[in-house]
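Geometric and topological summary
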Amino acid sequence: TIKVGDNPRDFAIDNNNKLWVLCFGYQQYVAPFLETGSKLVRINPLTNEVEKTIEIGETLHPTCIEAGKNADHLYIGGGYGFEGIFKFPVNDDVFPTTPIVNKAFYAIYVDASRDNIFGFDALNYASRGNMHRYDSEGNQLGLYEVGIIPNGSSSKKK
């Protein structure tokens, strides 16, 4: 058991074979209203030690983390009320303040072979949603209608 923080939700491996855990934090929507912030935690899998903790924000609660091409940066986004997709270089010590994509998504996915980012918009959670495709700098490459409540994807390696 490795203590990382409240509500670990997702993880990714970087180019140094370090494990990054995304901790969503905690939100209680009824009185007493309690909240803890989200953070990224880097773990050395050889020693099972926490090497670094990066605070994301007290009121920010992303749900998705994906490694980019070459795994030298991570993309963080998705989740109810979390605005944007952020690109985090794995050697940085501070979470970026400006997203590369300034839009809220239900979930995100990265095709690391092309460094394409996919943002899934559930719209009203009753009709078909949208999938937005971006390059690694946040430039939109496409918009596609998908099924109801899209929340992820996968890609086939060749």
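In what follows, the structure referred to is the one given above.
Structural notes, computed from the coordinates. (Residues numbered from 1 in each chain as written. Predicted model: local features only at pLDDT ≥ 70, side-chain atom pairs only at ≥ 80, totals over all residues. Heavy atoms only, no water.)

**Regarding the layout of surface pockets**
- The calculated volume of the second largest pocket comes to roughly 170 Å³.
- Along its surface, the second largest pocket is lined by Arg9, Phe24, Thr63, Cys64, Gly79, Tyr80, Tyr106, Ala107 and Asn151.
- Tallied by class, residues from the lining of the second largest pocket come to five nonpolar, three polar and one charged. (1 Å grid on protein atoms, 1.4 Å probe; cavity = no way out; pocket = protein on both sides within 12 Å on 5 of 7 lines; lining within 4 Å. Points joined across faces, edges and corners; volume = space filled by probe spheres on them. Nonpolar A, V, L, I, M, F, W, Y, C, P; charged D, E, K, R; others polar.)

**Quick look at the packing of aromatic side chains**
- Scanning the model with the defined rule gives seven aromatic pairs in all.
- Between Phe105 and Tyr134 the ring centres are 6.2 Å apart and the planes differ by 70°, which places this aromatic pair in the edge-to-face class. Residue Phe105 is located in the loop between β10 (101-104) and β11 (107-111), and its partner Tyr134 is located in strand β13 (residues 128-134); the two are separated by 29 residues in the primary sequence. For the pair shown, Phe105 and Tyr134 are each scored as buried. (Phe/Tyr/Trp six-rings, centres within 6.5 Å; stacked < 30°, edge-to-face > 60°. Helix = DSSP H or I, 4+ residues; strand = E, 2+ residues; numbered from the N terminus. Buried < 20%, exposed > 50% of the residue type's maximum accessible area, 1.4 Å probe, protein only.)

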